[in-house]
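The chain contents come next:
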Amino acid sequence: MVKIDSITVDIIENALKNIKEEMDVTLFRSAMSPVIREQHDCFPMITDPEGKMVVGNFGSHVPEVVNQFEEGIHEGDVIFVSDPYSTGGSISHINDWMIILPIFHQNEIVGYSSMFGHVMDVGGPVPSSMPVTATTIFGEGVRFPPVKLYDKGVLNESIIKIMKANTRTPLENYSDLMALVASCRTAEKRVKELCERFGTEKYLSALNALLERTNVMMRQLIQNFLPTEPVSFEDYIDDDGLGNGPFKMKLTVWREGDNAYFDWGGTDKQAPGPINYYLSEPMFKMFIGSFLISVFDPAINFNDGFYEVLHIKTPEGSLMRPKAPAALGCRTHALSRLFDVLSGALSINTPENSPAAGYGTSPYFIYSGYDDEGRYFNLMEVMYGGLPGRPIGDGIDGHSWWPAFVNIPTEYLETYYPLLVNSYKTGTDSGGAGLNRGGNCNEKLYTILAEGTVSIHDDRSIIQPWGINGGEPGSSSSKMLIKKDGTRIPLPSKVDNVEVEKGDQILFITGGSGGWGDPLEREVERVRLDVARGLVSVEKAAQSYGVLFTDHLEVDQAKTEETRAKMKLERGKLESFNFGNREKVVQ
Amino acid sequence: MYRVAVDVGGTFTDIVLQNEESGEIYVTKTPSTTKDQSIGLMKGIKKVCEECNVDISEIRSILHGTTVATNAVLEEKGAKVGLITTEGFEQILHVARSWTPAPISAWMGFHKPNPLADLIYTRGAKERMTAKGDVYLELDETDIRHKIIELYEAGVESLTISLLNSYANSSHEERIKEIAESINPDIPVTISNDILPEFREYERTLTTVMNAYVRPPMQRYLTNIEKKLLDEKIDSRISIVRSDGGLMSIPAASSRPVHTMLSGPSGGVTASAMIGIQTGFRNVISFDMGGTSTDVSLTYDGSPRVSRETKVGVFPVKSPSLEVVSIGAGGGSIAHVPLTGALRVGPQSAGSEPGPASYDRGGEEPAVTDANVVLGYLPPSLVGGEMKLNVDKAKDAVRKVADKLEIDIYKAAKGIYDIVNENMYGATRVVSVEKGYDPREFSLLALGGAGPLHANALGKLSGSFPVIIPPTAGVLSALGFLQSVIRNEYSKTFIYTLSQLDVSTVVSELKGLGEECDHWLNQEAVPEEQRTVKYEVDVRYYRQGHEIPIEVQLSKIEENGLELISNQFGDIHEQTYGFKMDAEVEIVNIRAVAVGKVNSPEIPVNEAGTEDASHAIMDPDHQAYFEERFVKTPIYDRALLQPANKVIGPAIISQKDSTTLVLPGYFAEVDQHMNLLIQEEV
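Residues numbered from 1 in each chain as written. Chains lettered and ligands numbered in written order. Predicted model: local features only at pLDDT ≥ 70, side-chain atom pairs only at ≥ 80, totals over all residues.

### Quick notes on the overall build of chain B
Under the convention used in this document: Working definition: helices are DSSP H or I runs of at least four residues, strands are E runs of at least two. Numbering for both runs from the N terminus. The burial label depends on the number of other C-beta atoms within 10 Å of a residue's C-beta. Counts of 20 or more mean buried, 12 or fewer mean exposed, and intermediate counts mean partly exposed, with C-beta atoms placed from the backbone. Two residues qualify as a contact pair if the distance between their C-beta atoms, derived from the backbone, is within 7 Å.
Looking only at helices and strands, one finds 17 helices and 37 strands in chain B. Here the C-alpha coordinates of chain B stretch approximately 80 × 65 × 55 Å along the principal axes. Across the 682 residues in chain B, those meeting the buried criterion constitute 54%. Within chain B, contacts between residues at least 6 apart in sequence are counted, and of these 67% link residues at least 24 apart.

Structure representation (structure tokens):
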């Protein structure tokens, strides 16, 4: 390794960040899947020659994958993979298609670029390929183990043929696959330019320096913020779609010196249904890093450099480390609940720094059939909900917990799919009360305009998202099929292939989120504005905030003061966590 | 007779006066008056007239770039806006696109600004159109009348109507407007189909609401100007510069102020295109480096790129503008060393108060300007400068980061200089490589006071030569206004796959928009021979997310059919993304662009001198820091340089409003328009 000055390292870091952005831009502009393109469900990465992530959002998987090619990796190879079990869980369900591209400069490997994105359909019995009734991964569609899509620059046409024959959306998938390759090629070109500009040796030394920096920073964060005594936190997933549950997720955290330990012992056994989440260790380390950074020092850029200081224990056969061939299609519930558990565990000693719990999953609305002109359609829409009350302010109403995702415009939906959206708003009172209010859920009412089927994925329909520091829990999610004759049929949060007719309606309500801090301390004016804006009802203002109004929605100051004083006196001491109905449900 | 261009910036108002007969220009500056920009404007016009001995009545036209609308949004000082949406979608601005930033968990620190129309003043109309433009639910007029009265009683000053699918059928929007005007004709009403008849309801609503939000302050401002001109008995035509570099009349600017959001920056882009054409380098990347930010834009073959979405603060506004990418790095950006031991520059800025440490006005943190002072790139006393720079203060400030990095202050200063260049290089890539352009086929043009100090280094990074430093880099936006044309565009969403369409439908739809252009050009009194109308279609593969605009000629489509469009699209797709597909191509939007040329006299050229530039040397012994040591770097006076003079780097060329750095191994040559062209010595 050549010695390298720290400023060159900074310059190379900036350049790598720019390359990552450019990868996204290339993909968004040329992909067909609205989940990638309109909702940005995709993740770019650039690694060093050993496969350690230097920039990216989600943690590296490269070593596990490339080691499976006995003949080795050559210039011009492009690896394609969609199998969670042969990638150590680095992609978590088979709809995520991943491309890995080795980058060679002057015949020497200088790293990998990789990108994965959620494609619309990969076959199996249910459109969009995430059946909630799957009991093994074989019931979820077609898996690609790591294969060379390009072998030394030559496209393997057979893979394309097999791929196209096994999906309801062959053209879209082909376009998405090529867009993923295009995105990785962009990174390849730019990394080679960097090697040209700085010299390969200098470039590689800079990557090492970047990894080392993050390592040093993470050791400091661990020492400053993690407890030496083990602390545990639990949260639950309602059910697995097959009538089993609730499922407990339990995490215990402690540190020894500047090393940290995260133990999933006590987590329930794997589920018969597809809610299992094969947790990749590097991915989980990334989540921890990302969470600590956001809470304690958002300015820092992170990479794989800190992995050796984090130690993960995940029991085999548990919900978080299921045995093959367990079904994995609906893993987003466990994936996002993981953050509630992590946040809870890390905040037990310092709850004032941490947010409450949110809508806690990635709800999907899936609708497919044939339109009036006989064309097949398949819509998969990612829905959002309440973001938790936070130390810096209110939780955001009806927004995405997932980074950089966006909703699909109603005018886009109505142009391309036989449906009409009757209303799209956030649910009054669904965010838990707090000094900083929890975010409200989303409520969307669709009218179906063509015979077809609807599938739904959601969670937090039974157990509420918890509040923190005196904040109240948020509301649960719910779904309703309203037949055209007016009959109302409640639907479960996880259901496949509900038959719908022209004129039927679907009401899709996601989870709210917990509040942060004592609601009785919330400034009266903030409560008044929430009420005037229709985000909180007059009744809830009285009940949870002790704020009373006159007939013209003006605050009755005297009555409010009196009520608040009385409520404070009567309620006793506030707990750090308010789990709402959980105790009743779990027993 | 004379023309005068006025660009109101954050600190200074720039004024350029041009003699319409000789084409000669004269430049001056006056402090901006942020509270009422028209005061600075009048002062500036009077100042330039006095300095040039021109009678104020000889000014025939005033071209004005303004930040009134932008500031109203950024400072949250717009009108109290009422919003009428389709019932069920009242929270359209509240839910927005549900976006939160990356990476995972970053929502914890995300500050979401309040919508420009409060939910308290939003009402839903009982009505519904389908995506095809059919009435699904008739408008309930009694209900909406009642709701509008309610909003007006609550003190709403400006009303917006934006209904779902109104781009396909705007009759309900128009009817509600009639009702609102029958209730109170004095409250301005903006409907979304007038401002942006394109699909995607959030962006359309936001753009319409923003228009309504800035309309009252803009109207007040324009009335002020007209009154002041009248008081001074100035009888000149005043035109406002649009974000897309075009000009519009005062009545047009009063009703559609959202088109002026990037009024100022567009002038710089227009000027860059003009200088590119003048110097024979028609592909230009220009960068305007100011105190807190740098704007980068690209001109290909003499025409700047027009973008249809821009950002004002965090709001994505759909209004045509010359494409400018802005990053938070400028002369005032502050360097710091966080926990990781990395050297970071920005996004915090020293601003104009207290300013960089070397300004000696109380600033103590090391800004980019301070690094330039320490390195000797920015001489402590500037030509005609009213201000001396304090070298010791600059050194003290830079020492703060040098100590943390355990290096000497010169290395640290060079690091700051290099990193800010790298950040700007990132922005030049966004406008070039990410759009399929190779920056090595472009020249690089520096604008703004700080740009010329960094231009040579940036050109070296991007491989863009020659680097062009125009004579008046500091007031280039105002200079660009002089080159502006009268411009407007009419578009509509028109979603069909090519197989669903025949040639005559497409042509007649486009012609319909062309007629609107003609009508507008009549209103703006543009003579027949100075008009052009261009046609564009935005196309993509069926259900793909992003459209690519393609210019079409009606006669060629009529001759060759719609295949022309799909072939052209396939080629562009392949060039940009590396593949094309055998998939259906669909049209999303169609558009006609009206351009009225304005007579703009040529700026006169200068007599050529010789290569020898020694007569312009002010300080032959000045030292500056390159490659880990100080070397002799003479300072030249730009005012004394003549065409054909050649300045060998390392050198510093100093002028009233900016300083140019020529690196070792490079030379600068003066062309007949007095531009400096920097090239590599071979």
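Continuing now.
### Points about the overall build of chain A
To keep it simple, the criterion reads: Only C-alpha atoms enter the radius of gyration, while the globule expectation follows 2.2 Å times N to the 0.38, with N the number of residues.
What chain A contains, in helices and strands, is 13 helices and 22 strands. For 587 residues, the compact-globule estimate of 2.2 N^0.38 gives 25 Å, and chain A sits close to it at 25 Å. Expressed as lengths along the three principal axes of its C-alpha atoms, the size of chain A is roughly 80 × 65 × 40 Å. Within chain A, buried positions represent 58% of all 587 residues. Of the contacts made within chain A by residues no fewer than 6 positions apart, 73% connect residues no fewer than 24 positions apart.

### Examining unusual backbone geometry
Residue Ala324 of chain A is joined to Pro325 of chain A through a cis peptide bond whose omega torsion reads 5 degrees. By secondary structure assignment, the location of Pro325 of chain A is in the loop between strand 11 (310–313) and helix 8 (332–347). A cis amide bond, omega 0 degrees, links Phe465 of chain B with the succeeding residue Pro466 of chain B. If you trace the backbone, Pro466 of chain B turns up in the loop between helix 13 (451–462) and strand 24 (467–469).

### Some points on the domain arrangement of chain A
Residues and elements named next belong to chain A. Selection criterion: For the purposes of this description, domain bounds are those given by an automatic or database domain assignment. Residues are grouped as follows: Ala, Val, Leu, Ile, Met, Phe, Trp, Tyr, Cys and Pro are nonpolar; Asp, Glu, Lys and Arg are charged; every other residue, Gly included, is polar.
Domain boundaries assigned for chain A yield domain 1 (6–215) and domain 2 (357–520 + 561–587). Taking only C-alpha atoms, the centre of domain 1 and the centre of domain 2 are 32 Å apart. Counting residues at the interface gives 18 residues for domain 1, matched by 17 residues for domain 2. Considering only residue class, the side of domain 1 that touches domain 2 consists of 8 nonpolar, 6 polar and 4 charged.

### Focus: the interface of chain B and chain A
The interface of chain B with chain A comprises 55 residues on the first partner and 66 residues on the second. Contributions of two or more residues to the side of chain B that touches chain A are made by helix 3 (92–95), helix 7 (201–231) and helix 12 (409–431) of chain B. Here the side of chain B that touches chain A gets 7 residues from one element, more than from any other, and that element is helix 12 of chain B.

### Considering the packing of helix 1 (residues 6–30) of chain A against helix 5 (residues 170–198) of chain A
All names here are of chain A. Applied cut-off: Between N-to-C directions, angles span 0 to 180 degrees; the directions come from axes that are lines fitted to C-alpha atoms, helices contributing only their stretch in contact. Orientation labels follow simple angle bins: below 35 degrees gives roughly parallel, above 145 gives roughly antiparallel, 65 to 115 gives roughly perpendicular, and whatever is left gives oblique. Left-handed describes a crossing whose near helix is turned anticlockwise from the far helix by less than a right angle; the clockwise case is right-handed.
Following both chains from N to C, one finds helix 1 and helix 5 inclined at 160 degrees, their axes separated by 8 Å at the closest point. It follows that helix 1 is roughly antiparallel to helix 5 by the angle criterion. Helix-helix and strand crossings are classified by hand; for helix 1 and helix 5 the assignment is right-handed. Between helix 1, through Thr8, Ile12, Ala15, Ile19, Glu22, Met23, Thr26, Leu27 and Ser30, and helix 5, the contact on the second element is made entirely by Ala179, Leu180, Ala182, Ser183, Thr186, Ala187, Arg190, Val191, Leu194 and Phe198. In the contact of helix 1 with helix 5, the residues fall into 12 nonpolar, 5 polar and 2 charged.

### A word on the domain arrangement of chain B
Along its sequence, chain B is organised into domain 1 (75–215), domain 2 (282–465), domain 3 (486–596) and domain 4 (624–682). The centre of domain 1 of chain B, based on its C-alpha atoms, is set 55 Å off from the matching centre of domain 4 of chain B.

### Topic: helix 6 (residues 200–225) of chain A
Here is the rule we go by: Multiply 1.5 Å by the residue count of a helix minus one, and that product is the helix's expected span.
Between the first and last C-alpha of helix 6 of chain A there are 38 Å, a value that for 26 residues agrees with the 38 Å anticipated at 1.5 Å per step. Inspection of helix 6 of chain A places Tyr203, Leu204, Ala206, Leu207, Ala209, Leu210, Arg213, Thr214, Met217, Met218, Leu221 and Ile222 of chain A among the buried residues, and these make up the whole buried set.

### Some points on the environment of Thr26 of chain A
Relative to the helices and strands, Thr26 of chain A is located in helix 1. Distance from Thr26 of chain A to Gln587 of chain A, taken between C-alpha atoms, is 50 Å for residues 561 residues apart in sequence.

### Digging into the environment of Pro227 of chain A
All names here are of chain A. Here Pro227 shows up in the loop between helix 6 and strand 8 (231–237). Overall, Pro227 belongs to the partly exposed group, with 15 C-beta atoms counted inside 10 Å. Residues Pro227 and Arg255, spaced 28 residues apart in sequence, show a C-alpha to C-alpha distance of 6.1 Å. Residues in contact with Pro227, not counting those within four places in the same chain, are Trp254, Arg255 and Asn349.

### Some remarks on the packing of helix 1 (residues 37–52) of chain B against helix 7 of chain B
Residue and element names in this part refer to chain B. At their nearest, the axes of helix 1 and helix 7 sit 9 Å apart, and the two run at 30 degrees to each other. When the axes of helix 1 and helix 7 are compared, the pair comes out roughly parallel. In terms of crossing hand, the pair formed by helix 1 and helix 7 is right-handed. Here Gln37, Ser38, Leu41 and Met42 of helix 1 lie close against helix 7, whose contacting residues are Tyr221, Asn224, Ile225 and Lys228.

### Observations concerning the sheet that holds strand 9 (residues 158–161) of chain B
In a beta sheet, neighbouring strands are held together by backbone hydrogen bonds and run either parallel or antiparallel to one another. All names here are of chain B. Test applied: In short, DSSP must find at least two bridges between two strands for them to pair.
Across the sheet, which stays open at both edges, the 4 strands sit in the order 6-5-9-10 with parallel pairing between neighbours. The open sheet is flanked by strand 6 (122–125) and strand 10 (189–191), the only strands paired with a single partner. The sheet shows a mean angle of 20 degrees between the axes of neighbouring strands, direction not considered. Sheet analysis places strand 9 next to strand 10, joined by 3 bridges and oriented parallel.

### What about the pairing of strand 2 (residues 53–56) of chain A?
Looking along a regular strand, one sees side chains alternate from face to face of the sheet. All names here are of chain A. Bridging between strand 1 (residues 42–47) and strand 2 involves 3 bridges; their strand directions are antiparallel. If you follow Ile46 over to strand 2, its bridge partner there is Val55. What sits between strand 1 and strand 2 in their antiparallel hairpin is a turn of 5 residues, with Gly51 showing a positive phi close to 95 degrees.

### Looking at the sheet that holds strand 5 (residues 108–118) of chain A
All names here are of chain A. Read from one edge to the other, the open sheet built from 7 strands follows the order 2-1-5-4-3-6-7, with strand pairing classed as antiparallel. For this open sheet the edge positions go to strand 2 and strand 7 (154–155), each flanked by a neighbour on one side alone. Where helix 5 meets the sheet, its contacts fall on strand 1, strand 3 (78–81), strand 4 (96–105) and strand 5, and the angle it forms with strand 4 comes to roughly 25 degrees.

### Regarding the pairing of strand 35 (residues 658–662) of chain B
All names here are of chain B. The element strand 35 is largely enclosed, with a buried count of 5 among its 5 residues. What you see with strand 35 is no split at all: Ser658, Thr660 and Val662 on one side and Thr659 and Leu661 on the other are buried throughout. Here strand 34 (residues 651–655) pairs with strand 35 via 5 bridges, running antiparallel. Its bridge partner being in strand 35, Ile652 is matched across the sheet by Leu661. Between strand 34 and the antiparallel strand that follows it, strand 35, lie 2 residues.

### Focus: the confidence of the model for chain B
What counts here: The pLDDT value expresses, per residue, how confident the predictor is, ranging between 0 and 100.
Averaged over chain B, the pLDDT score is 89; the fraction of residues at 70 or greater is 98%. In the predicted complex, the global pTM is 0.86; the interface-specific ipTM is 0.90.

### Quick look at the environment of Pro439 of chain B
All names here are of chain B. With respect to the secondary-structure elements, Pro439 resides in the loop between helix 12 and strand 23 (443–447). Classification of Pro439 by C-beta neighbours within 10 Å gives buried; the count is 21. Pro439 has contacts with Ile285, Thr428, Ser432, Val433, Ser462, Gly463 and Ser464, leaving out every residue within four places of it along the chain.

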